[in-house]
Amino acid sequence: MRYPRSRALSLALIAAMALPIAGCARNRARTDLPYVARDVGTLYTAAKNRLDQHRYKEAALLFDEVERQHPYSIWARRAQLMSAFSYYLGRDYTQSIQSAQRFISVHPGNRDAPYAYYLIALGYYEQIQDVTRDQKITRQALDALGELMRRYPNSRYAADARLKVDLVNDHLAGKEMEIGRFYEDRHQWLAASMRFRTVVDKYQTTSHTPEALMRLVETYLALGVRPEAERSAAVLGANYPGSDWYNRAYKLMREYPVQPIAPIQPGQPVVPTGTPGSVNIGLPGGGGSTATPSAAAPGRPTPTGNNSSPTG
């Protein structure tokens, strides 16, 4: 049977439009479960079986279904927390955090609330990236761990949270050191010293403190603030006397000794006579001469030979 060309073209367009619709329906079926009324025991058992089979996404969806179909059941609270745990095992940290936060908002006084806070902290902690990237997630992990320790200091999760806080602080200190070294390589000494000072002040118990003190010696010497350099070197020597960083700082301080300044004799001007840009004012009682103002017109530079150039 032969179709007219216009009718064949219409059928082809209809078929092409139906393909995306079918694809969307197929993708939706993979993530959303159709509503089929089942008793709570059947749903929870099916979800637990999927979890044991490491099918975490399916397990999480079935646990969510327990809460949806039986919200007032005693299993609904447990299913809500198990859903967060299943998402966490499946590395879907965003969904895991949201499920745990929903559990806390609905059941703040539940005995499993510490575990929900712990899941939130783990969700942030396991997303921490290297120090070359933005550390927003790292700070969120630190806040979540601190919240857990503040609310439940005696829970069994608090000890692990304290260990992770130390690791997170070490990571944040590493970020500050990375930025400080970046500035130091470009001779931006003041910006570099501020980053190293942050490590010493806020993260002094981390492994980056010895290097930060040595870098402060470098930057302070470059800025010409020797007393501050000596102070940083002294702190480094008192706390890390046998470290390589102290040896480097000690060597650096010896390479740049204090330059003594000759005392000014009585009657000698503080600024030597003839120094460009200065006016020699005689010291009281010293017999020094006072510079005579030039006869040049006000607002114009005084000529100094043939190579004088106008000021801007």
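Residue positions are given per chain, counted from 1 along the sequence in the order it is written. Given that the model is predicted, a residue must reach a pLDDT of at least 70 before its local features are reported, and side-chain atom pairs must reach 80 or more before they are shown or counted; all residues, however, enter totals for whole chains, interfaces and linings. Values reported for side chains reflect all heavy atoms of the structure, with hydrogen atoms and water molecules removed beforehand.

One can find arginine 50 in helix H2 (residues 40-52). Owing to a relative accessible area of 26%, arginine 50 belongs among the partly exposed residues under this scheme. Taking C-alpha positions, arginine 50 is 9.6 Å from serine 86, a pair spaced 36 residues apart along the chain. Setting aside residues up to four positions removed in sequence, arginine 50 forms contacts with Arg55, Glu58, Ala59 and Leu62. Counting from the N terminus, the helices are DSSP H or I runs at least four residues long and the strands are E runs at least two residues long. Only protein chains enter the accessibility calculation, which uses a 1.4 Å probe; a residue is then buried when its area is under 20% of its type maximum, exposed when over 50%, and partly exposed in between. Whether two residues touch is decided by their heavy atoms; if any such pair falls within 4.5 Å, the residues are in contact.

Take a nonpolar patch on the surface next. A cluster of nonpolar side chains, Leu190, Met194, Leu223 and Val225, forms an exposed patch at the surface whose accessible area comes to about 370 Å². Tracing the chain through its elements places leucine 190 in helix H9 (residues 189-202). The class of leucine 190 is exposed, set by a relative accessible area of 55%. The residues that make up patches have over 30% relative accessible area and no salt bridge, and they are joined within 9 Å when like-charged or within 5 Å when they are Val, Leu, Ile, Met, Phe, Trp or Tyr. Accessible surface area values rest on a Shrake-Rupley calculation with a 1.4 Å probe, where residue burial reflects the displayed protein chains alone. The working definition used for a salt bridge is a side-chain nitrogen of Lys or Arg within 4 Å of a carboxyl oxygen of Asp or Glu.

Our focus in this paragraph is the packing of aromatic side chains. For any pair of aromatic rings, the description rests on two quantities: the centre-to-centre distance and the angle between the ring planes. Classification of ring pairs rests on two measures: the distance between centres of Phe, Tyr or Trp rings, Trp counted by its six-membered ring, which must be within 6.5 Å, and the angle between planes, read as stacked under 30 degrees, edge-to-face over 60 and tilted in between. For the coordinates displayed, the defined rule picks out ten aromatic pairs. Here tyrosine 44 and tryptophan 75 contribute two aromatic rings whose centre-to-centre distance is 4.7 Å and whose plane-to-plane angle is 50°, an arrangement assigned as tilted. Remark: tryptophan 75 occurs in helix H4 (residues 74-89) and tyrosine 44 occurs in helix H2; sequence separation between them is 31 residues. Under the relative-accessibility criterion, tyrosine 44 is labelled buried at 12%. Plain terms: the ring middles of phenylalanine 182 and tyrosine 183 are 5.8 Å apart, the flat faces sit at 65° to each other, and that makes the pair edge-to-face. Classification of phenylalanine 182 by relative accessible area gives partly exposed; the value is 42%.

Moving on, we get to the confidence of the model for the chain. You can read pLDDT as the predictor saying how much it trusts each residue, on a scale of 0 to 100. Per-residue pLDDT for the chain has a mean of 81; in total, 75% of the residues score no lower than 70. No element of the chain has a lower mean pLDDT than helix H1 (residues 5-31), which averages 42, and none a higher one than helix H6 (residues 113-125), which averages 97. Low pLDDT, under 50, characterises residues 1-5; the stretch is placed with one contact to residues that sit more than four places away or in other chains. In this model residues 8-31 is a low-confidence stretch, pLDDT under 50, and it forms three contacts with partners more than four residues away in sequence or in other chains.

With 45 residues, the main nonpolar core has Ile120 and Val217 as its most contacted residues. At eight residues, H6 tops the list of elements feeding residues into this core. For valine 217, the contacting residues outside a window of four places in its chain are Ala229, Ser232, Ala233, Ala249, Leu252 and Met253. Only buried residues count toward a nonpolar core, which is a set of Ala, Val, Leu, Ile, Met, Phe, Trp, Tyr and Cys residues joined through side-chain atoms within 4.5 Å. Residues Val40, Ala46, Val66 and Met82 belong to the second largest nonpolar core, which totals twelve residues.

We now examine the side chain of serine 96. Of note, serine 96 is situated in helix H5 (residues 93-106). Those residues in contact with serine 96 that sit more than four places away from it in its chain are Ala84, Tyr87 and Tyr88.

With that settled, the discussion passes to the packing of H4 against H6. A fitted line through C-alpha atoms serves as each axis, taken over the contacting stretch for helices, and the angle formed by two N-to-C directions is quoted from 0 to 180°. Look at H4 against H6: their axes get within 11 Å of each other, and the N-to-C directions meet at 20°. With respect to their mutual orientation, H4 and H6 come out roughly parallel. Judged by the twist between their axes, the crossing of H4 over H6 is left-handed. Along the contact surface, H4 presents Leu81, Ala84, Phe85 and Tyr88, while H6 presents Tyr115, Ala116, Leu119 and Leu122. Gly counts as polar in this scheme, as do all residues outside two lists: the nonpolar Ala, Val, Leu, Ile, Met, Phe, Trp, Tyr, Cys and Pro, and the charged Asp, Glu, Lys and Arg. Partitioning the contact of H4 with H6 into residue classes produces eight nonpolar, no polar and no charged. When describing relative orientation, an angle under 35 degrees is termed roughly parallel and one over 145 degrees roughly antiparallel, while 65 to 115 degrees is termed roughly perpendicular and anything else oblique. A crossing counts as left-handed when the near helix is turned anticlockwise from the far one by less than a right angle, and as right-handed when that turn is clockwise.

The next thing to look at is the pattern of salt bridges. Using the criterion set out here, one finds 18 salt bridges in the structure. For glutamate 58, the salt bridge is made with arginine 55, and the minimal N-O distance between the two is 2.7 Å. On the accessibility criterion, glutamate 58 (35% relative accessible area) is partly exposed. Residue classification places arginine 55 among the partly exposed residues on the basis of a relative accessible area of 36%. A salt bridge links arginine 181 to glutamate 211; the nearest nitrogen and oxygen atoms lie 2.8 Å apart. Separated by 30 residues along the polypeptide, arginine 181 in helix H8 (residues 158-185) and glutamate 211 in helix H10 (residues 209-223) bring together distant segments of the chain. Take arginine 181: its relative accessible area is 25%, and that puts it in the partly exposed class. A relative accessible area of 11% means that glutamate 211 is categorised as buried. Members of the salt-bridge network, linked through shared partners, are Glu178, Arg181, Glu184, Glu211, Arg215 and Glu218.

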